[in-house]
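# Remarks on the overall topology
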Amino acid sequence: MASEACFLVLGRGLSCTKPRARPPIARLRPSLRVSGKMRNRNLRSALPSSFLIASQQKRQQAKRVPSRQFPLNMDTQSHNNNNSEAKESSVAGISRSGEKTISSDDADSDINREMNVAVLTPEETNIVIENDVRQSHSSIRLEDLISMIRNAEKNILLLNQARIHALKELDKILSEKEALQAEINNLEMKLAETDARIKVAAQEKINVELLERQLEKLKNEMSSRNSVKEGKHGILDHESPLPLELNDLRKENELLKDDIQTLKLKLADISETEEHVSLLGREQSALKASFRELQSQFANAQDDASKLDSLQCECKALSIKVENLQALFDNARQKLDHPSLDLQQYHELQKKVDKLEASMTETNMSKFPSEKFHHFDEILQQKIDILEKRLQESDLEIHSQIEMFQESVREFHHTLTKLKEESEKRSQKSVLENMPWEFWSRLLLIIDGWLLEKKISPSDAKLLREMIWKKDAQVHDAFLASRSKNEHEKVATFLKLTYSRKSPGLHIIHIAAEMAPVAKVGGLGDVVSGLGKALQRKGHLVEIILPKYDCMEYDLITDLKALDVVVESYFDGQMFKNKIWIGTIEGLPVYFIEPHHPAKFFWRGKYYGEHDDFKRFSFFSRAALELLYQAGKKPDIIHCHDWQTAFVVGTKHHFIGIYAAKGFNSARICFTCHNFEYQGTAPASELASCGLNVHHLNRPDRMQDNSAHDKVNPVKGAIVFSNIVTTVSPTYAQEVCTIEGGRGLHETLKSSSKKFVGVLNGIDTDAWNPSTDNYIRVQYSADDLQGKAENKDALRKLLKLSSSKVTQPLVVAKASANTVFLQDQHMEPYGATLCRVNVGCITRLVPQKGVHLIRHAIYRTLELGGQFVLLGSSPVAHIQREFEGIANHFQSHSHVRLLLKYDDALSHLIYAASDMFIIPSMFEPCGLTQMIAMRYGSVPIVRKTGGLNDSVFDVDDNTVPVQYQNGFTFITPNEQGLSNAMERAFQYYIRSPESWQQLVQRDMRLDFSWNSSATQYEELYERSVARARAMTRV
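Only a predicted model underlies this, so the values are computations on that prediction, with no experimental measurement involved. (Residues numbered from 1 in each chain as written. Predicted model: local features only at pLDDT ≥ 70, side-chain atom pairs only at ≥ 80, totals over all residues. Heavy atoms only, no water.)

## Quick look at the environment of Gln536
So the rule is basically this: Secondary structure follows DSSP: runs of H or I at least 4 residues long count as helices, runs of E at least 2 residues long count as strands, and numbering of each begins at the N terminus. Relative accessibility under 20% of the residue-type maximum defines a buried residue, over 50% an exposed one, and the middle range a partly exposed one, all with a 1.4 Å probe and only protein chains included. It only takes one pair of heavy atoms within 4.5 Å for two residues to be counted as in contact.
For Gln536, the location among the structural elements is in helix α14 (residues 523-537). With relative accessibility at 3%, the residue Gln536 sits in the buried group. For Gln536 and Ala1014, which are 478 residues apart along the polypeptide, the C-alpha to C-alpha distance reads 9.7 Å. Leaving out residues up to four positions away in the same chain, Gln536 has contacts with Trp437, Ser441, Val542, Gly587, Leu588 and Pro589.

Structure follows, in structure tokens:
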């Protein structure tokens, strides 16, 4: 810096104006310095000591004199001394009128000597200096030497002052640069908002150009007709009077105007037809999805019916068996009764025989002839034999009947035992099915923890995962039986259960930077948790991997604990350790990665917005793959979200040889971009930190950014290398394939159109349910809307708004995430009986959300006689300041509240209390707010773009079936378009109360759950996995 400053001052101090008129500065200055020192050294040796002492004293006295600034070219003054001094004084600003200089003759000789030295080589310069010193004993005067020394010292002071001055100028320039950079940032924010308007204007310009072309054609036709008529008039030699010609022209003009009007009507019909066709297409897709869902439900119903029929048949068979057993039992009892009677008769007969024998002995035998007695005895003996035979037969029959009865009793007991076992199995299966997902997720995490801690083998872990996946009762019993045991005994208990089983569904792993409700910034967190739970309910194994932020909601994580294992991952040329934590979130198993890196990547107190976000999330992506690799997981699907985890795709592709050995080669990659506004571009050299080959990936057909070839684009790389690419709504998928919406990736998306699809997001209908919501004052449903009015009154009291008209509607507006307003106007344009509407807005105040339209909605709601509430804040400083000014202006207003913060509990109450919900986005990939608003009976007012166009259909659009008409829409993103939609909504609310109530009930009954979206993702997953398996077989 000092040498540059010296060069600048010397250059400006020369009297010449052209660079070639002056000797080179870099060579002249050292030559002067060397010449002065050599002369001074030689003279010291030649002069007397007394003379040297005197000269030294003079130099000391000269130093005490106040600093006086001399010209820089001390020995190079020309005979035109006055002109040279004037030039030096004007440039450097340092010369004074009373300075002493050397004589002109000496100066001329010095100039010639120094100029000669400047152009000679170093060896020649030394020879000249020595010769000059030998001759200086007789020619040089002491006064000249002292003057030269003083001038040299003062020139040094001047150079130092020039250096200080240059540094001050540099500081001043840097401060001005910072101020300009701040202004540039503000202009860029305004430019972003202006670009959004320009894009819409460009679309309108195309339509205008088409109309102008048609008008030009009509004008040409009109001119041709006029020329024909003029030719006819020329032939008639002006036989027709001028008034008739004018009348004809007027008639032709009227006809042309009619034609133009007709063409305009046709154009309007064509545009309406196109909209109708698009709506029919969407309706067809919705019907197809509904049909597929009905087919699946019908198939399930058939399965249930077949099971029910089999159970009924079994019950009938069992009842028949029981009846048969009862009949057999009755017959056996009857048969047992008959032998007992015969036996009794036999005993009585035996008694009679005994009596007869006794009487015979007592009778005089002489009275009877022997022959008759013998005959009588034979007859009795025959009867006795017959009775004995009958008795034996009866004994045999009784024995057989008893055996049959015992066999029937045994069969009855066996059947009864079987029925009891089946009943117990059914009840146990019902208990297992009703077990919460937290229980099964906890078991999965326990198994994975044992695997990472090397307490069980990967094959055993796989089998146990499959058993847990199928909700096997043995796993449930083993867990309950081992609760009081130590860790070693628990592992032994579970290992006894391992055997070969077949997995019932897919193994899906989501790798993301957010997950609601523990780490949520926007809609990404809702998608990860909502989609994960929906897929889990469909029988798939779903796991989540997140960074372990220090600012997470840890109280919402169940059974959070650290594993006794360390996973190492590569970064910046060395291996870093990562601590692994496990826990469950709303029934989903989640892994948290805590890097042991000196930069403390995820201990910053916030999720995004750091200067090294590229490094933070590339580190996390590499560590997540290492976790899967070291845990021995072989998922079917790895689902990555947004640019923060897009590195997973590139890393897996780059290290495919390493990860293929662990089964990663079969895993299919699904990448979802939730907003193409954010692509995470960075210098290509940053890729090397996580071990990726920059030269291999920084190519136009891979990760190289389309607008800057020295940068890489993680989103582009994920699109290129993924097997499935999705975004969050069908309309947004079409918009991003255009130049305006693609943000530089439209060509990449077009080339990947076969694997690119838009799937409309859903909402968590359990968390957003007005009939069970604990955050609202009164719970309500579509069949009972009384609670909505009570919530409106509760919100007005909470925010200290006017409640003079309790039936007044409340309007809420949305731009993205967290903002709400309540607003009113003193004038009542619709008369004294006007019901005041409550309008609300919950949003993130950024240009994308149409902040200028939100601002307009506040004042327009007041003009229409409503109340307006805004809940939310802005990361953009000048937008935040602007809305703070508006909030201060309406601080004591009875119909307006601006709450510039995020409050989840308050947002629930605002949804429940609002009548209308405004979402005037410039572009909206999906948007969940309109779905939540309709769930709570708040009618949306939206601009037709992105996911808003796929979920909200205008009540005045006759091309849409009535059951799908659910809100108010506008196309042009300006104040007039929004005002027209708001006026229609207010009129509908005021003039048709019954129709409005039906609209509210229809909105609340719409299904915006994740079931439909999860079904579409399930089909995408299964098709991709099936293709991969088919390729493997080939």
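## Considerations on the pattern of salt bridges
Should the charged atoms of two oppositely charged side chains come close, the side chains can pair. For clarity, the threshold we go by: In what follows, salt bridge is the name for a side-chain nitrogen of Lys or Arg lying within 4 Å of a carboxyl oxygen of Asp or Glu.
What the rule picks out here adds up to 27 salt bridges. Among the ionic pairs, Lys533 bridges to Asp764, the shortest N-O distance being 2.7 Å. Of the two residues, Lys533 sits in helix α14 while Asp764 sits in the loop between β11 (756-758) and α23 (786-799), which places them 231 residues apart along the sequence. Close ionic contact of Arg622 with Glu626 constitutes a salt bridge, the shortest N to O distance being 3.6 Å. Of this pair, Arg622 and Glu626 both sit in helix α15 (residues 613-631), four residues apart, which is roughly one turn of that helix. In terms of burial, Arg622 and Glu626 fall into one category: buried.

## Structural notes on the pairing of strand β1 (residues 507-511)
Inclusion rule: Only strands joined by at least two bridges in the DSSP assignment are considered to pair. For crossovers, right-handed means that the path from the first strand over the helix to the second runs clockwise, given strands pointing away from the viewer.
Burial within β1 is extensive, with five of its five residues counted as buried. Neither face of β1 is exposed, since His507, Ile509 and Ile511 on one face and Ile508 and His510 on the opposite face are all buried. The sheet contact formed by β1 and strand β2 (residues 541-547) spans five bridges and is parallel. When the bridges of β2 are listed, His507 appears paired with Leu541. Once the chain exits β1 it traverses α14 before rejoining the sheet at β2, and the crossover so formed is right-handed. Across four bridges, the pairing between β1 and strand β6 (residues 637-641) is parallel. Paired with Ile509 across the bridge in β6 is Ile638.

## Some points on the packing of helix α10 (residues 437-452) against helix α12 (residues 473-481)
Test applied: The axes are straight lines fitted to the C-alpha atoms, using for helices just the contacting stretch, and the angles between their N-to-C directions are given from 0 to 180°. For classification purposes, an angle smaller than 35 degrees is called roughly parallel, one larger than 145 roughly antiparallel, one from 65 to 115 roughly perpendicular, and anything else oblique. Under the scheme applied, nonpolar residues are Ala, Val, Leu, Ile, Met, Phe, Trp, Tyr, Cys and Pro; charged residues are Asp, Glu, Lys and Arg; polar residues are all the others, including Gly.
Where α10 meets α12, the axes come as close as 12 Å, and the angle between the chain directions of the two elements is 75 degrees. It follows from the interaxial angle that α10 and α12 lie roughly perpendicular. Residues Phe439, Trp440, Arg442, Leu443 and Ile446 of α10 lie in contact with α12, whose contacting residues are Val475, His476 and Phe479. A class-by-class count of the residues in the contact of α10 with α12 yields six nonpolar, one polar and one charged.

## Thoughts on the packing of aromatic side chains
Definition in use: The aromatic pairing rule takes the rings of Phe, Tyr and Trp, using the six-membered ring of Trp, and pairs them if the centres are within 6.5 Å, calling planes under 30 degrees apart stacked, those over 60 edge-to-face and the rest tilted.
In total, this model carries 26 aromatic pairs according to the counting rule given. Measuring from ring centre to ring centre gives 6.2 Å for Phe602 and Phe620, while their planes differ by 80 degrees; the resulting arrangement is edge-to-face. Remark: Phe620 occurs in helix α15 and Phe602 occurs in the loop between β5 (588-595) and α15; sequence separation between them is 18 residues. When its relative accessible area of 1% is taken as the criterion, Phe620 is described as buried.

## Section: the environment of Thr727
Mapped onto the elements of the fold, Thr727 is located in strand β10 (residues 724-727). Judged by relative accessible area, which is 0%, Thr727 ranks as buried. Residues Thr727 and Gly758, spaced 31 residues apart in sequence, show a C-alpha to C-alpha distance of 4.8 Å. For Thr727, the residues in contact, after removing those within four places along its chain, are Cys673, Phe676, Tyr732, Ala733, Phe756, Val757, Gly758 and Val759.

## What about the pairing of strand β16 (residues 916-919)?
Burial along β16 is two-sided: Met916 and Ile918 facing one way and Phe917 and Ile919 facing the other are all buried. Across two bridges, strand β13 (residues 837-842) lies against β16 in parallel orientation. Paired with Val839 across the strands is Met916, a residue of β16. Examined bridge by bridge, β16 and strand β17 (residues 939-943) share four bridges and lie parallel to one another. In the strand pairing of β17, Ile918 is matched with Ile941. Viewed along the sheet, the connection from β16 through helix α27 (residues 929-935) into β17 turns out right-handed.

## What about the packing of helix α24 (residues 851-863) against helix α25 (residues 877-889)?
Interhelical geometry of α24 versus α25 gives an angle of 5 degrees and a closest axis separation of 12 Å. Our classification of the angle between α24 and α25 gives roughly parallel. Each of Val851, Ile854, Arg855, Ile858 and Tyr859 in α24 lies in contact with α25, whose residues at this interface are Ile879, Glu882, Phe883 and Ile886. Per-class residue counts for the contact of α24 with α25 are seven nonpolar, no polar and two charged.

## Some words on the sheet that holds strand β4 (residues 574-585)
Taken together, the nine strands give an open sheet; going across it, the order is β3-β4-β5-β2-β1-β6-β7-β10-β11, and neighbouring strands pair in mixed fashion. Of all the strands in the sheet, the pair left with one neighbour each is β3 (558-571) and β11. Neighbour-to-neighbour, the strand axes of this sheet turn through a mean angle of 25 degrees, independent of strand direction. Docked against the sheet, α10 engages β2, β3, β4 and β5, running at close to 40 degrees with respect to β5.

Any functional reading would require information that these geometric values do not contain.
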